[in-house]
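Structural features, examined
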Amino acid sequence: MNEDLPDTVEALAARDADREAALAGLFHRHHLELVRLATLLGAESDAEDVVADAFCELHRGWKRLRSEQAALPYLRAVIVNRVRMRVRHLQVVRKHVEWVREDVASAESQAMVRDDQRALVEALRSLPERQREALVLRYWLGLKEAEIAEAMGISAGAVKAHTARGMAKLGKVLEGQDD
């Protein structure tokens, strides 16, 4: 980032070009991974939209980043929050709808996972939101506790608790499927 350039037209154009190049690089390297993250967290057919919104928010807030390396953790945190908002919204909508539709997974979410992973994904969906988020961020993305805490907006201790509880419940759910 060219933070040390004076605010001339050329400097502003150079900063814009740097931002656009960095965003394009992030998109090309991490888009699919972020869509999968959103899908596993519960975004289902809205996963692409959630990720697109996250990139738009990053674009708008680029000047506020500490460094270019903060962009990917920022995207993850935005995605976690957007999926939470989506899930809460759907819960409210479903409470006020008189008919109940059968939950059908979208074609996009089904294409994201192989047959041998479907049981695990279904078991993940049965977990409470925070436990599912902690497990997906830990074991799917391989993030450390501090990175998970940042993405979820909670303490490292809470991450440990959600991860431990989630693993215990996930084990019980998967054992029940083997019967």
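Here, every reference points to the structure presented above.
Small disclaimer: the values here were computed from a predicted structure and weren't measured.

This brings us to the overall build of the protein. When helices and strands are tallied, the protein shows eight helices and zero strands. For the protein, the α and β elements follow one another from N to C terminus as α-α-α-α-α-α-α-α. A separation of at least 24 residues holds for 66% of the contacts in the protein among residues at least 6 apart in sequence. Carbon and sulfur atoms form 54% of the exposed surface of the protein, whose accessible area is close to 10900 Å².

This structure, assessed with the given rule, holds eleven salt bridges. The residue Glu33 makes a salt bridge to Arg76 at a minimum N-O spacing of 3.7 Å. Within this pair, whereas Glu33 is found in helix α1 (residues 9-43), its partner Arg76 is found in helix α3 (residues 71-95), the two being separated by 43 residues in sequence. For Glu33, a relative accessible area of 23% gives the class partly exposed. A salt bridge links Glu57 to Arg82; the nearest nitrogen and oxygen atoms lie 2.4 Å apart. With a gap of 25 residues between them, Glu57 in helix α2 (residues 47-60) and Arg82 in helix α3 connect regions that are remote in the sequence. Each of Arg84, Arg88, Glu129 and Glu133 takes part in a single network of salt bridges with overlapping partners.

About the cut-offs
Residues numbered from 1 in each chain as written. Predicted model: local features only at pLDDT ≥ 70, side-chain atom pairs only at ≥ 80, totals over all residues. Heavy atoms only, no water. Helix = DSSP H or I, 4+ residues; strand = E, 2+ residues; numbered from the N terminus. Contact = heavy atoms within 4.5 Å. Areas by Shrake-Rupley, 256 points an atom, 1.4 Å probe, with all protein chains shown as cover. Salt bridge = Lys/Arg side-chain N within 4 Å of Asp/Glu carboxyl O. Buried < 20%, exposed > 50% of the residue type's maximum accessible area, 1.4 Å probe, protein only.

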